[in-house]
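As a plain string of letters, each chain reads:
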Amino acid sequence: MQYDLNVLNDFKDVKDLKDFYAMYSFLFPTYAYRKNFSLFVLSLRVLFGVLLMVHGIGKIMDFDTLSQTFPDPLGIGSRWSLMLAIFGEAVCSAAFIIGFLHRLCMIPMIITMITAFVVVHKWSVTDGEMAFVNLMVFLLLYVVGPGRYSIDRIFADRIERSRAENRRKAKGERPERP
């Protein structure tokens, strides 16, 4: 890939170049796996995951009574709607907390919050405040990814090491020692 380095000739001094780099770093951050950012993402995952899990566990505890009265926004019956909500709130939030299949497990959580906010609370931020806040946080965390401290990152590192080892074997180089 060729880069046009003539852009650097437009800068008159080092200060201009530093200002450009600061603006570029702000617009296109590369800190997704830095320690502090990953700790922040981990804390958000734990905080909002536990909050949602507690909500789902409450539904599990009252399953018999809620299965008769739970809203049926999808037209599949109260019992099935409740089971889908429990899956999104309890099961997926557990995987979300530890960062296992992060983006995949967030899809049911996001769908549950959209359903709660749009269908059950009828777009009312005052009535569906928690659903709205959870939805916004989950959408942002979906985009950001799980961060460094997650099961997904451990798997990604192992896959990358295996790929690197296979490339070295294909080139006939000696394997790297851990």
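Note: the structure precedes this text.
Residues numbered from 1 in each chain as written. Predicted model: local features only at pLDDT ≥ 70, side-chain atom pairs only at ≥ 80, totals over all residues. Heavy atoms only, no water.

Scanning the protein from N- to C-terminus turns up 7 helices and 0 strands. The 178 residues of the protein split such that 28% are buried. A separation of at least 24 residues holds for 60% of the contacts in the protein among residues at least 6 apart in sequence. Carbon together with sulfur atoms contributes 65% to the accessible area of the protein, which is approximately 12,800 Å² in total. (Helix = DSSP H or I, 4+ residues; strand = E, 2+ residues; numbered from the N terminus. Buried < 20%, exposed > 50% of the residue type's maximum accessible area, 1.4 Å probe, protein only. Contact = heavy atoms within 4.5 Å. Areas by Shrake-Rupley, 256 points an atom, 1.4 Å probe, with all protein chains shown as cover.)

Once that is clear, we can look at the environment of Met53. Inspection of the secondary structure puts Met53 in helix 2 (residues 35-61). Ignoring any residue separated from it by four or fewer positions in sequence, one finds Met53 in contact with Glu89, Ala90, Ser93, Ala94 and Ile97.

Viewed as axis vectors pointing N to C, helix 4 (residues 78-98) and helix 5 (residues 102-120) meet at an angle of 145°, and their least axial separation amounts to 9 Å. Two packed elements cross with a definite hand, and for helix 4 against helix 5 that hand is left-handed. Every residue of helix 5 that contacts helix 4 at Leu84, Ala85, Phe87, Gly88, Glu89, Cys92, Ser93, Ala95 and Phe96 is listed here: His102, Cys105, Met106, Pro108, Met109, Thr112 and Met113. Its residues assigned to classes, the contact of helix 4 with helix 5 shows 11 nonpolar, 4 polar and 1 charged. (Axes fitted to C-alpha atoms, helices over the stretch in contact; angles between N-to-C directions. Left-handed = near helix turned anticlockwise from the far one by under 90°. Nonpolar A, V, L, I, M, F, W, Y, C, P; charged D, E, K, R; others polar.)

Moving on, we come to the pattern of salt bridges. Scanning the entire structure with this criterion turns up 4 salt bridges. Residues Asp157 and Arg153 are paired through a salt bridge, measuring 3.1 Å at the closest nitrogen-oxygen approach. Taken together, the residues Asp157 and Arg153, both in helix 7 (residues 151-171) and 4 residues apart, mark about one turn of the helix. Owing to a relative accessible area of 32%, Asp157 belongs among the partly exposed residues under this scheme. (Salt bridge = Lys/Arg side-chain N within 4 Å of Asp/Glu carboxyl O.)

With that out of the way, let us pick up helix 4. The end-to-end C-alpha separation of helix 4 is 30 Å, in line with the 30 Å expected for 21 residues at 1.5 Å each. Along helix 4, the helix axis deviates most sharply at Cys92, where the bend reaches about 35°. All of the buried residues along helix 4 are Ser81, Leu82, Ala85, Ile86, Gly88, Glu89, Ala90, Cys92, Ser93, Ala95, Phe96 and Ile97. One or two residues past the end of helix 4 sits Gly99, with phi positive at roughly 75°. (Expected span 1.5 Å × (residues − 1). Bend = angle between axes of the 7 residues up to and from the residue.)

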